[in-house]
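Inside the fold
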Protein chains: 2
Amino acid sequence: MLAAPLGELVDLLIALDTRADEPLHRQLYRGVREAIRSGRLRPGVRIPSTRRLAQHLGVSRWTVLAAFDQLVAEGYVVGAVGSGSRVAFELPDPMPDPVELPPATTDVPARQARLSGRGRLLQGIRHRPGVPYPKPFWTGIPPVDEFPVRLWARLAARRYRRLGQTELYHGPAAGYQPLREAIVAHLRAARGVRASAGQVVVVASAQEAMELAARLLLDPGDTAWIEDPSWPGARGALTGAGARIVPVPVDSDGLSVERGIALAPEGRLAYVCPSHQYPAGVTLGAERRQALLAWADSHDAWILEDDYDSEYLHAKRPLTALQGLDQAGRVLYIGTFNKTLFPALRLAYLVLPENLVEPFLAVRGIGGQHAPTIDQAVLTDFLAEGHFANHMRRMRTLCRARRDLLIAAAAREVPDLLEIARTDGGLHAIGWLPPGMDDRQASVAAERAGVRAAALSAYYLGTCPRPGLVLGYAGFGRHQIESAMRRLGGALRSVAPR
Amino acid sequence: MLAAPLGELVDLLIALDTRADEPLHRQLYRGVREAIRSGRLRPGVRIPSTRRLAQHLGVSRWTVLAAFDQLVAEGYVVGAVGSGSRVAFELPDPMPDPVELPPATTDVPARQARLSGRGRLLQGIRHRPGVPYPKPFWTGIPPVDEFPVRLWARLAARRYRRLGQTELYHGPAAGYQPLREAIVAHLRAARGVRASAGQVVVVASAQEAMELAARLLLDPGDTAWIEDPSWPGARGALTGAGARIVPVPVDSDGLSVERGIALAPEGRLAYVCPSHQYPAGVTLGAERRQALLAWADSHDAWILEDDYDSEYLHAKRPLTALQGLDQAGRVLYIGTFNKTLFPALRLAYLVLPENLVEPFLAVRGIGGQHAPTIDQAVLTDFLAEGHFANHMRRMRTLCRARRDLLIAAAAREVPDLLEIARTDGGLHAIGWLPPGMDDRQASVAAERAGVRAAALSAYYLGTCPRPGLVLGYAGFGRHQIESAMRRLGGALRSVAPR
């Protein structure tokens, strides 16, 4: 593999203008991108370390990281930022990243706001985890159309009628105690999680759980493993904490722990979805679970277990959570009610190792402090009175039916171009495209046809082995699924190679 | 003033043991504290910079900062950490800091959790902003006993009855649009804030607003002004972002902008409570307001305006918010409903300069993402239907009566030892102690008598000019105020010099 001499690379870049309105990282990103697109930087050429680049350019490392993070996200550069990354062999089309927000409003200000390095860095990787009025096939949307609104309203009304002063004062930082107890009782039975209520901390979302954990546990520059592909929000949380992100490949048996140890044995934290990997949909194998726990224990590292949709898995007994196998107190387990009940609820939780509870609350104490008490109380009743278990039973059946609708619609409308992968359940499925087809181009064409179909390759930091679309089906009824699939079929045919 | 030669200081420290269970910053803190208490480090001696100390000790700067932050918090060292701090002339008694949480539970683990530097740092300064069942005279507690619970429950029931799918999906990251509009309409009339609804972002608490802003705007090592004395939570938010905190003195005219500019013209951000300084209770003068805005504009710095209790001020027209005077888009205005309605609500907001809205949402997007929609909708109705304005009118009258009760009770029970300062309103007052009396000792004695009376000196990073107690009165009825004052009187007499 060719290595780009530092001077040559730097010379290729446009001169950075520190007085321009455009932030430096954006200028750098554009400069490198143009150098790649024009062929001045050839495919496969190695990128020098961010430290050396920052030195030569006379800018902060944050600036370089932000620029290259964006280049990696868009597929111009592959490999982990800052360690052996190189110019991609297959260049992406110059199109908007589907995980990015649309550009700012019309009120764009004349004066560029001066942000912190991490603030600037996050501008490049921000994502939109969900939207009001989602259209098919947005991912991560539960079957809100089937949520028992009246039952929930009845429970809320009962709580409001009995509201006392206790529910109006500050609540405990870790959460409403009866809710913490209801959560561990449920997790013990459903997920094999072994913990006391004292280890539960209630937060607003799985995303917030990751973000707080990353800040508590990672110093800037610390290495964090991330599954590749992965949920962009996890990358955001780790990036915000200043972590050096090492993408570790996922295969049919889940995260390759062996590869992780080979790539970055010094990792301080590993972010994993063992039950149902997002977006690949695979399950982490039993041997790898043991290997991951052993690595964490011997390296004093932490495991962030995101169990975001395990409640939707069809298997009679999904594999026990990693947390339940952990003897050494290395696992932080994350679950959320925003995906099982409704996204606007904003209640999720962590189950922490005992020695992290107090430290965690210190970080929470300088932020949002605690979740709204009344909402927590209503949720407690929903759990404790058996409604949650009933609801999830119904939802598993419903989601299986919707998945089957998706498979049937794809087979009918686009049998030649889209093959829906069978999964054990969850909220989304991958639709494989023919090898060689560009999934980002397909995603843009779908968007034009009014259908959300995220490109699988957009979730990769490294190389995506096969083009595909990530299709959320759980939140949409028969008519929506069938009509959207017709439009998606048309879109795919419009971009398919002849 | 004597300066401690670096070598001498380092030699005085106990040898740090990197393999001990006790964290390094804690070992360093204990070593320096013992050196001070034993007289080996003399009063007035200058402390070398954290950078030099870190180098000589072979530890990270975080470790040194964490240790000295704690020493400053406890009064062993005075002045800003890292810039001209010195051993205090008057040493504190070795007692627990009243703003600190009680030590961890009985489940204290055998193995010390390995945290990030900022995680460790926050362990030392964590605070408890409020408690369930607060006793007199906890500060920051609104008159929850007089909150119109039934009205609120009625509005909630109406919302729950009409709940549609829209309110169940993800809401906009910036908050529920009708609530953003109701907030700007209220602020325009009540506080002279000039903004569009598009500049409002709804968050969980004023504390969260500070924390998100600090991370967005400050790089580790950046200088931030903080009022001295100040709310410990603000210090926590800035510390968590890695800021170098420069305490700027507050006098009867509020923050001394002149001193701030002399101490740290390069400040990137200034945290201020212009309407009603916490805890001093003073108002920032008109000339200083202009000077502060001019400094921020010319130095490209940000002003974090915390308007936490202005709704409770008695004056017919409290001074317009700083935000309303800002022509250059430098002010981030923070307000909260947790102090005007009830703490368990968890709804607060920022009004941002236009060019910060999108960048702010990127930071919010990797965290809690958005506030619960239904709660926001109920609050919207409370505001839009005029209940909020009615409620605040009632609360201002009620709090004035409670302040008068506090003054009368103090005059009756402890006329010789406690003089309640007259303020323009708010939720708390300062009770001055006789010069020379130790307010931390008084606070501990009060705690033993079952009364919360925070030591004024505990809110200072520099020297507290006069001992006092910070007494929250708004949340407590006549009986509670009078009975607590009797017990406080006994406690003060038990520690008063004869």
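The present account deals with the structure reproduced in this document. Note that this is a predicted model, so its numbers are computed, not measured.

**Observations concerning the relation of the copies chain A and chain B**
- Take chain A, turn it by 180°, move it 0.1 Å along the axis, and it overlays chain B with an RMSD of 0.2 Å. As the rotation angle and translation indicate, the two copies are arranged about a two-fold axis. Within chain A, A:Ala157 has its C-alpha nearest the rotation axis, a separation of 2.9 Å.
- When the interface residues of chain A are mapped onto chain B, 100% of them again fall at the interface, so both copies present the same face.

**A few points about the interface of chain A and chain B**
- Taken together, the contacts link 89 residues of chain A with 90 residues of chain B.
- For chain A, the biggest contributors to the area lost against chain B are A:Arg114, A:His170 and A:Ile366; these three give 11% of the whole.
- Seen at the junction of chain A and chain B, the total is two salt bridges.
- In this structure, A:Glu211 and B:Arg215 form a salt bridge, with 2.6 Å as the shortest nitrogen-oxygen distance.
- Taken together, the connections running from chain A to chain B amount to 33 residue pairs in polar contact (both at pLDDT 80 or more).
- When contributions to the side of chain A that touches chain B are tallied by element, the ones reaching two or more residues are α5 (117–125), α6 (149–161), α8 (206–217), α9 (232–240), α11 (286–299), α13 (354–365) and α14 (373–384) of chain A.
- Here the side of chain A that touches chain B takes eight residues from α13(A), the largest share from any one element.
- When its residues are assigned to classes, the side of chain A that touches chain B shows 45 nonpolar, 25 polar and 19 charged.

**Focus: the environment of B:Pro274**
All names here are of chain B.
- Along the chain, Pro274 falls in the loop between β7 (269–272) and α11 (286–299).
- Residue Pro274 is classed as buried on the basis of its relative accessible area, which comes to 0%.
- Along the sequence, Pro274 and Leu350 sit 76 residues apart, while their C-alpha atoms lie 16 Å from each other.
- In this view, Pro274 contacts Val282, Thr283, Leu284, Arg289, Glu305, Asp306 and Leu322; residues no more than four positions away in its chain are not counted.

**As for the nonpolar core**
- In terms of nonpolar packing, the biggest core is built from 153 residues, with A:Leu418, A:Leu488, B:Leu418 and B:Leu488 touching the most fellow members.
- With 10 residues, the top contributor of residues to this core is helix α15 (residues 387–413) of chain B.
- Among residues more than four places away in sequence, those in contact with B:Leu488 are B:Phe137, B:Leu418, B:Ala446, B:Val451, B:Ala453, B:Leu469 and B:Leu471.

**Focus on the environment of A:Lys339**
Residue and element names in this part refer to chain A.
- Within the element layout of this structure, Lys339 appears in the loop between β9 (331–336) and β10 (348–351).
- Sequence-wise, Lys339 and Ile407 are 68 residues apart; in three dimensions their C-alpha atoms are separated by 22 Å.
- Here Lys339 is in contact with Gly140, Pro142, Tyr308, Tyr312 and Leu427, once residues within four sequence places are set aside.

**Some thoughts on the pairing of strand β4 (residues 223–228) of chain A**
All names here are of chain A.
- Burial of β4 is extensive: six of the six residues sit out of reach of the surface.
- On β4, burial covers both faces: Thr223, Trp225 and Glu227 on one face and Ala224, Ile226 and Asp228 on the other are all buried.
- As judged from the six bridges shared by β4 and strand β5 (residues 244–251), these two strands associate in the parallel manner. The residue of β5 that forms the bridge with Glu227 is Val248.
- The parallel pair β4 and β5 is bridged by α9, and the resulting crossover is right-handed.

What counts as what
- Counting restarts for each chain: residues are numbered from 1 in the order of the written sequence.
- Here chains are named by letter from A upward and ligands by number from 1 upward, in the order in which they appear as written.
- For a predicted model such as this one, the threshold for reporting local features is a pLDDT of at least 70, and the threshold for listing and counting side-chain atom pairs is 80 or more; totals across whole chains, interfaces and linings nevertheless cover every residue.
- Here the side-chain values reflect all heavy atoms present in the structure, with hydrogen atoms and water set aside.
- The copies were overlaid by least squares, fitting only the C-alpha atoms of residues that reach a pLDDT of 70 or more in each copy.
- Throughout, a residue-residue contact means that at least one pair of heavy atoms, one from each residue, lies within 4.5 Å.
- Accessible-area loss on putting two parts together, using a 1.4 Å probe and summing over both, is the definition of buried area adopted here.
- Salt bridges are counted wherever a side-chain nitrogen of Lys or Arg sits within 4 Å of a carboxyl oxygen of Asp or Glu.
- Counted as a polar contact is a pair of N or O atoms within 3.5 Å, where, for protein atoms, one must be capable of donating a hydrogen and the other of accepting one, and residues adjacent in sequence contribute only when both atoms are in side chains.
- Only DSSP runs of H or I with at least four residues qualify as helices, and only runs of E with at least two residues qualify as strands; both kinds are numbered from the N terminus onward.
- Here the nonpolar group is Ala, Val, Leu, Ile, Met, Phe, Trp, Tyr, Cys and Pro; Asp, Glu, Lys and Arg are the charged ones; every other residue, Gly included, is treated as polar.
- Burial classes: relative accessible area under 20% of the type maximum marks a residue as buried, over 50% as exposed, and values in between as partly exposed (1.4 Å probe, protein chains only).
- To define a nonpolar core, start from buried Ala, Val, Leu, Ile, Met, Phe, Trp, Tyr and Cys residues and group those joined through side-chain atoms within 4.5 Å.
- Strand pairing requires that DSSP identify at least two bridges connecting the strands.
- Assignment of crossover handedness uses the view with strands pointing away from the viewer, where a clockwise path from the first strand over the helix to the second indicates a right-handed crossover.

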